[in-house]
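Examination of the molecular architecture
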Amino acid sequence: MSDEQAGVRPAGSPAGRTLLDDTPPLLSLRGVGKRFGPVQALSDINLDLPAGQVTALVGDNGAGKSTLIKAIAGIHAIDGGEMLWEGNPVQIHGPRDSSHLGIETVYQDLALCDNLDIVQNMFLGREALRGGVLDEATMETKANQTLSELSVTTVKSIRQPVSSLSGGQRQAVAVARAVMWDAKLVIMDEPTAALGVSQTAMVLDLITRLSARGIAVLVVSHNLNDVFQVADRIAVMFLGTLARTAPIGELTVSTAVELITTGNLTTSTDRES
Amino acid sequence: MSSSPQQTPPPVTDDVTPPDEVLAGVPELASGSLSAYVRAWLARVRSGESGVLPVIGGLIVIIIIFQLKNSVFLSANNIINLMVQASIYVLFGIAEVFVLLLGEIDLALGFTGAIGAVFAVWITGPPHNQPWFVGVVLGLAVATVIGAVWGLLTTRLRIPSFIVTLAGLLGLQGLLIFLINKLAGQSSGGTMSVSNGVINGIAYGHMSNVLAWVVLVVVVVTYAAITVLRDRQRRSGGLVTQPVGLGFLKIAAIAVAGVVLVLVCSAGSGVPWAVPIVLAIVLGWTFLLGHTRFGRYVYAIGGNAEAARRAGINLSQIRLIAFALSSLTAGAAGIFYAARLGSISSNVDGGQYVLLAVAAAVIGGTSLFGGRGKIVHALLGGLIVATIYNGMGLLNLSAATQLMVTALVLLAAVTVDALSRRNRTTT
């Protein structure tokens, strides 16, 4: 079912990202399954998430995308198969386990506090203290640095409340918050769903830059145009299974749609690129 | 449709923008000059984030109106009286700010304060005759426990705080009558007199003029030193800093206000002790909300409780502490109330004090919808409420008029809050 070719890079993909064939992928799922009562939400998922690459997770509603990312994020415990982190088996029992490994999730509804400013949001729950008092200078410096590294230059002041930001900027803040804590794998759930054209471009740009920093990115998206613009690899889910995992160059939008809707390919158009 | 990524990202090494460029074209916070700050501030006022200046302006207008109607209004003794009166509204308002910030409300605060005052008056009066601090600690502790109960009921049983504290409003009024009859005896007529001199002195004692000036100088110099040092440190670290001129303007404003206050009061009987105590509480709670994790989490929960939960914040714990601190402050307000009247009785209008507390907080600029507000809002709002009551009392307006005017002011403040909230969500 899974034809993993993690080491093969599609033609025309951005330079600056290399993956040695002998390094194990950052995260490997081996035969992962998840059952909710009588419903088999995930069965026999084999998926590799290599460092420095963007993996797109696509599929129809109910295909199991959310369940899969929640399993990786530690919100759902898996009940079959195993997860390998840098080649070593790991148990993820809760969100703390996953963030301890370096997995950060950017949820679709962003989980930002509108009334707090950018710095306060980026450090929420993990504030820097000095003598028991909030250390604003340290936090502001570090937040500024992270945003600069991600080239988030459109925000006017990092002391402005998040409510005054555009959707794309909010997404950037949420991503920057994830990255600031040395994330190795960033999971993004529908990062462009609510955005306009230019803001979508900004977020896709940000995703590319994350992977250029050697971070593994898993993007859940309904928008195949975005997926084909930004992803190195694509994983298509169908009814709780992985229908296909392939370098992006092996599929086209129409073959991807066919995989999403039927779970397999009837025509031989899948290498027409 | 192409199947390979066409978009080539810019080279990463060129992407790192220096921090000052990230902040380029900034609104007021990073604006270097005072004039740029003023322009940015005007833009912010239009978007509904007006800050406290309009509130201060409103207060000044109200004062001018009352002074024109009755020249006694700005006499030294009336101002002293006004400040003692205001201290009660301010403290109740501060108590309400804590819970309003969470998006909750506490309707029982008025009676919580009264119950605290009953214990403080009881333990310091005959036959116990304990010293004043025993009374204050006992009163505050009782109030804090009451707040913790509301916190437990709202967090554990998930009952809306509106309902929990509405029950509290009724229940505590009953408890108040019961306690006073029990502790003071049926013959007391439902009134317990304050016999402790120190507690009475909160409202009727005065700082000596020398002490008042010394305190004022110390406060202003400390504030100026902290402001200048912090701003210089932040500026040298390349952080967002207020313009130099604004810092000095704030220092000057505080110095002028303090000098006027002390001058006016020393023309009368002196600065009442209530003033420095209330200001100390304002400072302490402002520090707690602005510079500690607890304060940050209160704002976070009020802004987006789900986001706070995902950030690993213990919502129940923060809510419980906030309710307890709110009631603690209400306890202080109750003791001030007893000190001012010289007694605590079973017909305290705790219901009206709660409504005026909410009014004080909201008039000052705290949002009813959570997440936005400051302790200083209760200070300003409490002053406005007290000014309206005091001024209308001097004009011999009927209780009916007083209530309706207060209602109009509150309605205006809430309207501003709701409108600015709508602006925020549409931009």
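Each chain carries its own residue numbering, running from 1 in the written order of its sequence. Starting at A for chains and at 1 for ligands, labels are handed out in the order in which the entities are written. Residues qualify for local features only when their pLDDT is at least 70, as the model is predicted, and side-chain atom pairs are given and counted only at 80 or more; totals for whole chains, interfaces and linings, by contrast, use all residues. Just so you know, side-chain values use all the structure's heavy atoms and leave hydrogens and water out.

Per an unreviewed UniProt entry, chain B goes by the name Xylose transport system permease protein XylH and belongs to Leekyejoonella antrihumi. As stated in UniProt under Subcellular location (unreviewed entry), the record for chain B gives "Cell membrane". UniProt positions are given in the numbering used here, feature names are shortened, and annotations may be inferred rather than shown by experiment. The UniProt entry for chain B carries the following text under Function (unreviewed entry): "Part of the binding-protein-dependent transport system for D-xylose. Probably responsible for the translocation of the substrate across the membrane."

Turning to the packing of helix α8 (residues 197-204) of chain B against helix α14 (residues 315-341) of chain B, a few remarks are in order. All names here are of chain B. Fitted lines through C-alpha atoms serve as axes, helices being fitted only where they are in contact, and the angles separating the N-to-C directions of these axes extend from 0 to 180 degrees. Runs of H or I in DSSP of at least four residues are treated as helices and runs of E of at least two as strands, each being numbered from the N terminus. The geometry of α8 relative to α14 is characterised by a closest axis approach of 7 Å and an angle of 85° between their N-to-C directions. Regarding the angle of α8 to α14, the classification is roughly perpendicular. Judged by residue contacts, Ile 199, Asn 200, Ile 202, Ala 203 and Tyr 204 of α8 engage Ile 335, Phe 336, Ala 339 and Arg 340 from α14. Each angle gets one of four labels, with under 35 degrees taken as roughly parallel, over 145 as roughly antiparallel, 65 to 115 as roughly perpendicular, and the rest as oblique. What makes two residues a contact is simply this: any of their non-hydrogen atoms within 4.5 Å.

Residue and element names in this part refer to chain A. We call two strands paired when DSSP finds no fewer than two bridges between them. Taken in spatial order, the 4 strands make up an open sheet running β2-β1-β4-β5, and their pairing is antiparallel. One side of each edge strand has no neighbouring strand; the edge strands of this open sheet are β2 (39-49) and β5 (88-90). Within the sheet, the average angular offset between the axes of one strand and its neighbour, ignoring direction, is 30°. Direction of pairing for strand β1 (residues 27-36) relative to strand β4 (residues 80-85): antiparallel, over a ladder of 5 bridges. Each residue of the ladder has a partner; that of Leu 27, found in β4, is Trp 85. Running at roughly 65° to β2, helix α1 (residues 65-73) makes contact with β1, β2 and β4 of the sheet.

Our focus in this paragraph is the sheet that holds strand β3 (residues 54-59) of chain A. Residues and elements named next belong to chain A. One open sheet holds the 6 strands; their spatial order is β6-β9-β10-β3-β11-β12, and the pairing between them is mixed. Each having just a single partner strand, β6 (103-106) and β12 (241-247) make up the two edges of the open sheet. With direction set aside, neighbouring strand axes in the sheet form an average angle of 20°. Across 5 bridges, β3 lies against strand β11 (residues 233-238) in parallel orientation. From the neighbouring strand, Ala 56 faces β11, where its bridge partner is Ile 234. Sitting on the sheet, helix α6 (residues 197-212) touches β3, β9 (185-189) and β10 (216-220), and the angle it makes with β10 is about 150°.

With that out of the way, let us pick up the pairing of β12(A). All names here are of chain A. Of all the 7 residues making up β12, 6 are buried; the element is thus mostly covered by neighbouring parts of the structure. Strand direction decides the pairing type here: β11 and β12, joined by 6 bridges, are antiparallel. Residue Met 237 lies in a different strand from β12, and its bridge partner there is Leu 242. Between the antiparallel neighbours β11 and β12 lie 2 residues, among them Leu 239 with a positive phi of about 50°. The buried label goes to any residue with under 20% of its type's maximum accessible area, the exposed label to any with over 50%, and the partly exposed label to all in between, with areas taken from a 1.4 Å probe on protein chains only.

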